Amino acid sequence: MDNPERIKRPQPERTKPNRNVLGALGQSDAMLGSLDAAQSPIDGGHPLGPGFSDPVQKSATYGNAGSDPFGLIDEGVRAASDLVDAHIRQGEETAKSLGKSAAGISLAQTDVSGLLTGLVRAYSDVASVWVDIVGSLAHRIDGTGAAKADPTQTQGLISTIGLSITSAGSVETGIEMFRPAMDVRPQPLVSTSVTPPAQITDVAFDAGQPGTAGKIRVTVPKGQTPGVYHGLLLSASDQTPVGVLTLRVLGQTPQEGPA
Amino acid sequence: MVKKKKVAIIGGGCASVAAALELTRAQHNGEFEVTLYQTGWRLGGKGASGRDAETGRIEEHGLHLWMGFYENAFRMMRECYAELDRPADHPMRTWQDAFVPDNFVGVTEQLGTNQWTNWAAYFPPAAGLPGDPLSDRNPFSVRGYLTRCVLLVRTLVLSVQDNRAEPVPGAGESLPAAVSALVNSLLHSVRTDKKAFAARTLKYGQLAVGAIILEAIKTLQMAIDVVTSRKEEKKAASLLDQLALVVKHQFDLLIASDPEVRRIWEIVDVVLAIIRGVLRDGLLFASNGFEAIDHYDWREWLERNGASKASLNSGFIRGSYDLLFAFEDGNIEKPSLAAGQALRGALRMFFTYRGALFWKMQAGMGDIVFTPAYEVLKKRGVKFEFFHKLENVVLSEDKSHVAALDMRIQAKTKKGVDYDPLVDVKGLGCWPSRPLYDQLANGAALKKQDWNPEAFGDDRAVGSKTLKVTEDFDYVVLGIGLGAVPEVCSELIAADTDWRQMTDKVKSVATQAFQVWLNKPVEDLGWDLPPINISGYVEPFDTWADMRQLIHREDWETPPQAIAYFCSVLPDAEVFEDGDTSTPPQGAHKLVRDNAIQFLDRDVGYFWPKAVSSEGFDWSLLHASASEEGATEGPDRFESQFWTANIVPTDRYILSLPDTLQYRISPLANHFDNLTIAGDWTDCGHQAGCVEAAVMSGLLAASALSGYPRLEHIIGYDHP
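Residues numbered from 1 in each chain as written. Chains lettered and ligands numbered in written order. Predicted model: local features only at pLDDT ≥ 70, side-chain atom pairs only at ≥ 80, totals over all residues. Heavy atoms only, no water.

- By the naming in an unreviewed UniProt entry, chain B is NAD(P)-binding protein, taken from Sulfitobacter sediminilitoris.

1. Some details on the overall build of chain A
Piece 1. When helices and strands are tallied, chain A shows 5 helices and 9 strands.
Piece 2. Mapped from its N terminus to its C terminus, chain A presents α and β elements in the order α-α-α-α-α-β-β-β-β-β-β-β-β-β. (Helix = DSSP H or I, 4+ residues; strand = E, 2+ residues; numbered from the N terminus.)

2. Describing the overall build of chain B
Piece 1. In terms of regular secondary structure, chain B is built from 20 helices and 25 strands.
Piece 2. A burial count over chain B gives 67% of its 720 residues as buried.
Piece 3. In chain B, the proportion of contacts linking residues at least 24 apart, taken out of those at least 6 apart, comes to 74%.
Piece 4. Carbon and sulfur atoms make up 49% of the accessible area of chain B, which amounts to about 24,200 Å² in all. (Buried < 20%, exposed > 50% of the residue type's maximum accessible area, 1.4 Å probe, protein only. Contact = heavy atoms within 4.5 Å. Areas by Shrake-Rupley, 256 points an atom, 1.4 Å probe, with all protein chains shown as cover.)

3. Focus on the side chain of B:D458
Residue and element names in this part refer to chain B.
Piece 1. As for its position among the elements, D458 is in the loop between α14 (443-448) and β15 (463-468).
Piece 2. Here D458 sits buried without a salt bridge, and the closest side chain of opposite charge, R408, lies 4.0 Å off (N-O distance).
Piece 3. Engagement of the side chain of D458 in a polar contact is seen with the side chain of W451, the distance being 2.9 Å.
Piece 4. Once you skip the residues sitting within four places of it in the chain, D458 turns out to touch R408, Q410, W451, N452 and P453. (Lys, Arg positive; Asp, Glu negative; His and termini not counted. Salt bridge = Lys/Arg side-chain N within 4 Å of Asp/Glu carboxyl O. Polar contact = N/O pair within 3.5 Å; in protein donor to acceptor, adjacent residues only side chain to side chain.)

4. Notes on the packing of aromatic side chains
All names here are of chain B.
Piece 1. If you walk through the whole model with that rule in mind, you get 35 aromatic pairs over all chains.
Piece 2. A ring pair is formed by F514 and F638, whose centres lie 5.8 Å apart and whose planes are at 70 degrees; its orientation type is edge-to-face. Of this pair, F514 sits in strand β17 (residues 508-518) while F638 is found in the loop between β22 (616-617) and β23 (642-646), placing the two residues 124 residues apart along the sequence.
Piece 3. A residue is classified by how much of its surface remains accessible, and F514, at 0% relative accessible area, is buried. (Phe/Tyr/Trp six-rings, centres within 6.5 Å; stacked < 30°, edge-to-face > 60°.)

5. As for the side chain of B:N392
Residues and elements named next belong to chain B.
Piece 1. The residue N392 is located in strand β11 (residues 388-395) in this model.
Piece 2. Overall, the relative accessible area of 18% leaves N392 in the buried class.
Piece 3. In contact with N392, not counting residues within four places along its chain, are A404, L405, D406, V488, S490 and E491.

6. Structural notes on the pairing of strand β20 (residues 562-570) of chain B
All names here are of chain B.
Piece 1. A large share of β20 lies buried, amounting to 9 of its 9 residues.
Piece 2. In terms of strand pairing, β17 meets β20 through 9 bridges, oriented antiparallel. Note on β20: the bridge partner recorded for A510 is L570.
Piece 3. Across 4 bridges, the pairing between strand β19 (residues 543-546) and β20 is antiparallel. Paired with W544 across the two strands is F566, which belongs to β20. (Pairing = 2+ DSSP bridges.)

7. A few points about helix α13 (residues 365-379) of chain B
Residue and element names in this part refer to chain B.
Piece 1. Taking 1.5 Å per residue as the helical rise, α13 with its 15 residues ought to reach 21 Å, and the 21 Å between its terminal C-alpha atoms agrees with that figure.
Piece 2. Counted residue by residue, α13 has 12 buried out of 15 residues, so it is predominantly covered.
Piece 3. Burial in α13 covers these residues: M365, G366, D367, I368, V369, F370, T371, P372, A373, Y374, V376 and L377.
Piece 4. The first or second residue beyond α13 is G381, which carries a positive phi of 95 degrees. (Expected span 1.5 Å × (residues − 1).)

8. Comments concerning the pairing of strand β6 (residues 203-206) of chain A
Residues and elements named next belong to chain A.
Piece 1. A one-sided burial pattern is seen for β6, the buried positions being V203 and F205 and the unburied ones A204 and D206.
Piece 2. Relative to strand β7 (residues 214-220), β6 runs antiparallel, the two sharing 4 bridges. Looking at β7, one finds that V203 is bridged to V218.

9. Thoughts on the sheet that holds strand β2 (residues 32-37) of chain B
What links the strands of a sheet is backbone hydrogen bonding, and the strands pair in either a parallel or an antiparallel sense.
Residues and elements named next belong to chain B.
Piece 1. The 5 strands lie next to each other as β10-β2-β1-β16-β25, forming an open sheet whose pairing is parallel. The strands lining the two open edges of the sheet, one partner per strand, are β10 (383-385) and β25 (675-677). Recorded for the sheet is a direction-independent mean angle of 20 degrees between the axes of neighbouring strands.
Piece 2. Across 3 bridges, strand β16 (residues 475-478) lies against β25 in parallel orientation. Following the sheet pairing, V477 is matched in β25 by T676.
Piece 3. Contacts from helix α20 (residues 691-706) reach β1 (5-10), β2, β16 and β25, with the element oriented near 165 degrees to β25. (Axes fitted to C-alpha atoms, helices over the stretch in contact; angles between N-to-C directions.)

10. With respect to the sheet that holds β6(A)
Residue and element names in this part refer to chain A.
Piece 1. In spatial order, the strands read β1-β7-β6; together these 3 strands make up an open sheet with mixed pairing. In the strand order of this sheet, the two ends are held by β1 (161-167) and β6, each with one partner. Pairwise comparison of adjacent strand axes, ignoring direction, gives a mean angle of 20 degrees for this sheet.

11. Examining unusual backbone geometry
All names here are of chain B.
Piece 1. The omega angle of the peptide bond from Y708 to P709 is 0 degrees, so this bond is cis rather than trans.
Piece 2. Structurally, the position occupied by P709 is in the segment after α20.
Piece 3. In this model, F387 sits at a positive phi of 60 degrees, which is unusual for a non-glycine residue.
Piece 4. Mapped onto the elements, F387 comes out in the loop between β10 and β11.
Piece 5. Non-glycine residue D450 carries a positive phi angle of around 55 degrees.
Piece 6. The residue D450 is located in the loop between α14 and β15 in this model.
Piece 7. The exposure class assigned to D450 is partly exposed, which follows from its relative accessible area of 42%.

In structure tokens form, the structure reads like this:
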């Protein structure tokens, strides 16, 4: 016989953590926002809400950038982190647009090569800026001050490139330059979107006459497997990427002459 | 007038204290009348510490480090310190006096037979402070974790020093090869930059590699947003496979000649394996989150997802087992750690820390955590019953609830006054390392026999007490260690299958620890890295922590120059006969002493080369109290130091073994309608033996009884 005065535990709303997709992909912002609400736990607010105030502690910071070289590096990393965040956001935007355009289409049906070409370009950007940032810090550590751009160094730089294609079939092309370069060395064009992987090796750069834009010449062999090909454009002086060449070999009726 | 609800909290560890603090919040308007029953003379459970009467030296159960992701635990302590509002001249006025950031984590790596090297990795301070309200975004999304994979690589880069490698530029026929060329070109460019510092050039290259990882994640994120089925997840994983191959190729070239770059590679390798595994095992969409892989061992799961053997044996991975004492039965040949919890722990540790990766307490854990908690609870009217040992939990006839609690009273105070448990050490309220005998009836005799009410098998009784439901309590919070549950909860285990399975399946392990005080700084003994907490070294003591920050908190006549803590598991087979861990063993104390002496003689020379000679450890380095100085020489001088075998059932460290976590019972689960449980052994969301898990469990126990805190306010409870 149960004691009528005895108190029983209230029934819990649940007994397990929410580990499913909502947890995996993030709780709602509204829920997180409530954590900051200046309410008591009884009211459903943050347990540290009312009466918990320690502005001195909350304003404490670490890693004073001005105090030691290591702090400078730390700050460099943080700056780079901001850049990374920007890339993440950019990636998310890209992904959103990808999601819209590819609604109902699986990843396998999207252009994997295009995705990866973008990937190459993006981390070239990230890495080069990163190097610049930390390199500047290195100069500061050296006591030589931040590196400044030398306007004379821009003379003779290649910022645009022409294109000459020789192909037995129809092609679509494009060049994206990441940054200007003194000289360009194109790499063979490769495609992993076709099986087996194929490549186009006859790719060369013609610097042309002084004062004129250089030109990349590509010869697409007859019978080349249709697909998207790409190749990095490296700086001849330091082998760093300065751009990417993308070429789509179409599967239509062959035509004569350069594209 | 509303009748108060009487709560009996059994045990005084982190979980019990957290539950008490929650139930006595002002917002409850005194709804709960809490009494805490504690075996022996001090709060703390496995986190209890004591002060030696002569020197004021701190004596711990083992090494306790707070991690920067202990959000709930820090929140609790910040609240305690704020509520106490200690005077300006108090040595521990604020929580930031009590906890100090530590940005270094060390691992010891084995290069070959008897060849070791240390690595002190620097983790930059992260934004915010642990316990700050979360406001920006949820840190516990898989997407967020994947982004932070890059941060990990970048911060590790900071710890990498010089190099010499000159990889051969690779060219390829495929898209990954183009990526390879990119990496190579970046590495090449920085290596040919004669103006840059040698030490910095490779960092640039490694930063570029970090960028690759970033893009792997970006690709992954695209995949996550686009795909909707596991089939497509696997396709995304194949892209990552390609990237992994590229990165691996690059690093294979480098690591052959550069161990520091190898460390970076090992982290990259593990990070990629994690990403791959998350996709392959469908963890993004698993209804039970990372629990879906808890039947795997951590190493097994990483290997299954492509991590190399070298990475699996890296210092960081081995150190993760050491820090969690993750050895079944304490047998170092049986490392075992549930993969899902290990993944959760690793992601939280490295990617959600705030302020610093580690926070070091500036006195004993008892002084820093349990003194302020005790003082706050005392002010709030909580009643403490020390020297009360739970003997049996009695169920009602219908097995629906707890009808009574049988208590053995271990000691009584003189004249019936309340026991006052704290002593003053340099202005700080501390727990003594033995009961304050002079407050106890028959205290002189107890002092003479060095009576220890926490000792295994102690059965001293000066009386008994049976607490009865409705008379003495309405609710019970069972906050004792799991090891003691089978003995005192036999009726519950007999009545409930889940309780039986929990006590059968959830395992614990004994631990051992020793502390030495030295009369020379460790730098004079040959240690040339920053003050450190380092794991991954040889047994019997794989972990060393430099605790020099405690020197000025102790009360020596002549202060020592260094303090060092060592700890590891204690194999059951070496202590208990026939695996019976419930019966007091013989010789455990001596075993740990012998292990410590052997370690100092044989192994510590790696850390402190100038502390040993061909004849072994220089025992004169051990700092002794004035009364002990000169009394002993040679290894016997170790008698002046402190060591402990944590073999008492309630002291055993809780393990997170594969295929066992599902048997834990949640404090929220209503098996007996006036009982809840609290401890790091419960199903508390973070299934590991640590302060944070214990506090989370205590919060859940309070929530089970009062509805508060709300579950979404327990940080990290709703975690994949």
